[in-house]
Amino acid sequence: MEYQAPERDAYFLLFDLFRAGEIWSAIPAFADFSEDLIRAVLAEGGRLASEVITPTNQLGDQQGCVWQDGLVTTPPEFKPAFNELTAGGWLGLAGNPDFGGQGMPKMLACLVEEMLWAANTSLYLYGTLTVGASLCIDAHGTQAQKSTYLPRLYSGQWTGAMALTEAHAGTDLGIMRTKAEPQADDSYRITGTKIFITGGEHDLTENIVHLVLAKLPDAPAGTKGISLFIVPKYLVREDGSLGERNGFASGSIEHKMGIRGSATSVINYDGATGYLLGEPNQGLAAMFTMMNYERLSVGIQGLGAGELAYQQAAAYARDRLQGRSPTGPQNAAGVADSLLVHPDVRRMLMTQRAFAEGGRAFALYVGLQLDVAKYSPDDGERRKAQALSELLTPVAKAFLSDRGFEGAVMAQQVFGGHGYIQEWGAEQIVRDTRIAQIYEGTNGVQALDLIGRKVLSNGGSTLRQFVDDMAQSEVLEEFQADLNEAYDRLVRTTASVTERARQDPNLPGAVSTDYLDLLGLTVYAWLWARMAACAPNDDFGQSKKLTARFFFARLLPRTLALEKSIAADTSALMDFVGDQF
Ligand SMILES: Cc1cc2nc3c(=O)[nH]c(=O)nc-3n(C[C@H](O)[C@H](O)[C@H](O)COP(=O)(O)OP(=O)(O)OC[C@H]3O[C@@H](n4cnc5c(N)ncnc54)[C@H](O)[C@@H]3O)c2cc1C
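Residues numbered from 1 in each chain as written. Predicted model: local features only at pLDDT ≥ 70, side-chain atom pairs only at ≥ 80, totals over all residues. Heavy atoms only, no water.

Caption draft 1: Focus on the side chain of Glu440. Position of Glu440 relative to the elements: it lies in the loop between α12 (426-434) and α13 (443-455). Arg295 provides the closest opposite charge to the buried, unpaired Glu440, separated from it by 4.3 Å. Those residues in contact with Glu440 that sit more than four places away from it in its chain are Met162, Met291, Glu294, Arg295, Val298, Lys397 and Gln446. (Helix = DSSP H or I, 4+ residues; strand = E, 2+ residues; numbered from the N terminus. Buried < 20%, exposed > 50% of the residue type's maximum accessible area, 1.4 Å probe, protein only. Lys, Arg positive; Asp, Glu negative; His and termini not counted. Salt bridge = Lys/Arg side-chain N within 4 Å of Asp/Glu carboxyl O. Contact = heavy atoms within 4.5 Å.)

In structure tokens, the structure reads:
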């Protein structure tokens, strides 16, 4: 499989669409980052992704990870590639400069992450968990915890892992059983079994820092009684050197549909030493710092996969000769025309492309909100960006990963039977991308979060404010009327859901996934209309405008059906009684 990092599109989005240079110059923390520097970072990230990491992708899938006596060996190609990734400081790209991070904008990190996900999903999982763990320690750790862990996580000397899930407690973390008993020296003894822990054990680094959710002896029941602990594989001495092995081990690894180079472990904590991170019983809120990062990142996993799949499918369709164009032969000298002449193949390719490029713009927009929320000198702007990033994080996680998977399956379809066999890699992309819809909170749970906590909880006011802001943008005139209709549909549907939910407790869950898709499509339409308005007058800009036209003509109409299905009564779902299933 080959992969070309989408650098041209990245520059367009950063500098033409979002005018990042102007935004950054108003943020003191970013004032020193010149456009040249940003271009150099993206070019180097693209080279690393395409030339160093992509060649490990199929090999890693074929070899998988091996578990023996509690130790996990990753595919042989992974270690050198991971070393090159970490040597370049990529895991500390947006990290805190006080502890060795590079303090670069999240927008830039989103673009680099997409490249790394596309290049090798399994390999980058070890990276994304490390970045997420460092964010969490930076936000909630003591000074000593930050100076011990952050520099080593940013440099990739150690990696991170997040340990939430237990066999009986997945979505419902409140019923978890892992316990933490306070010790005389202020540490805690952690006992329990976690399952599905990505990167919980592996051979890529000398230490692995687990962030573990557990309950204190006097903890209140449910999610209010969960605390968060740092539990390193090797205990760390005061000078930062490694001490004795901590009391936990991998009990086994899972045999999975995809991401086979990523080790997913059962972890048995057997009186392991842990250190409280943040406040007692506030662990879930603290863990959300990591989870919100991972949610956007997992959305970007879907985006990277969609782009990779599109590149494979477009290249294949250009070369593969089958059938003739409905308008007569286009390749009269050949035995047949290329797949590109067939309107149905074009439908698949254009859908993939429109979702990949629209998704990239969306991910960057969420990254921009996170940058403003964290770094803007203006209080009001920070608060507004924070509310917007909270509204859009579940959409980014679910809509990007759903569209990534949709794109991967369409790419597989473009390959015909060759998409179903191993050789071309299309089936691997499908397998590797499917998980993005499931972990980090299933996409169903993201949709509930959106509708319940982000929309209904404030009577839809954040959403309305966002729509008002979208309506101020400069867009290509050609799309203005359709766009206005899409805004109206979203606002109308939000008002109707808010009203009906007061009478019917099943309503939010019944319409949540459709509502998330309605919002996602509307936001993509807004971004496509903006991209079309600032597209340059060259081949690249021409392709942008044509793809925007495709989006409006063929994908935005999905919102009509969504509005109708959201309007349906919940009895269509709820009247079916338990034993009819
Ligand atoms: C490969 C892999 C890697 C993973 N990595 C990690 C990791 O590193 N760390 C970690 O802690 N966990 C990890 N997980 C666990 C993952 O996050 C969970 O599997 C996921 O959150 C869902 O939990 P569950 O499997 O128990 O499903 P369940 O919670 O049993 O859900 C089953 C179905 O019911 C739905 N559902 C459940 N509750 C509700 C509700 N209240 N309302 C509506 N619908 C609901 C869900 O959407 C889902 O469709 C990983 C899982 C896999 C497979």
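Caption draft 2: Summary view of the packing of helix α9 (residues 283-319) against α12. Where α9 meets α12, the closest approach of the two axes is 10 Å, and the angle between their N-to-C directions is 170°. Looking at the two axes, α9 sits roughly antiparallel to α12. Where α9 abuts α12, its residues Gln301, Gly302, Ala305, Leu308, Ala309 and Gln312 lie against Ile429, Asp432 and Thr433. Taken together, the residues of the contact of α9 with α12 sort by class into four nonpolar, four polar and one charged. (Axes fitted to C-alpha atoms, helices over the stretch in contact; angles between N-to-C directions. Parallel < 35°, antiparallel > 145°, perpendicular 65-115°, else oblique. Nonpolar A, V, L, I, M, F, W, Y, C, P; charged D, E, K, R; others polar.)

Caption draft 3: Broad picture of the pattern of salt bridges. This model, assessed by the stated rule, comprises 30 salt bridges. Among the salt bridges present, the one from Asp379 reaches Arg382, with a minimum N-O distance of 2.5 Å. In this pair, Asp379 and Arg382 both sit in helix α11 (residues 379-414), three residues apart, roughly one turn of the helix. The partly exposed category is assigned to Arg382, whose relative accessible area is 27%.

Caption draft 4: Focus on the site of the ligand. Taken together, 20 residues sit near the ligand, with Thr165, Thr171, Phe196, Thr198 and Thr442 positioned nearest. Take Thr171: an N or O atom from its side chain is 2.5 Å from an oxygen atom of the ligand. Summarising the interface, the protein chains cover 61% of the accessible area of the ligand, which totals 960 Å² for the free molecule. Secondary structure elements with two or more residues in the shell around the ligand: β3 (158-163), β5 (188-198) and α13. Here the shell around the ligand takes three residues from β5, the largest share from any one element. Class assignment for the residues of the shell around the ligand results in eleven nonpolar, seven polar and two charged. (Near = heavy atom within 4 Å. Polar contact = N/O pair within 3.5 Å; in protein donor to acceptor, adjacent residues only side chain to side chain. Areas by Shrake-Rupley, 256 points an atom, 1.4 Å probe, with all protein chains shown as cover.)

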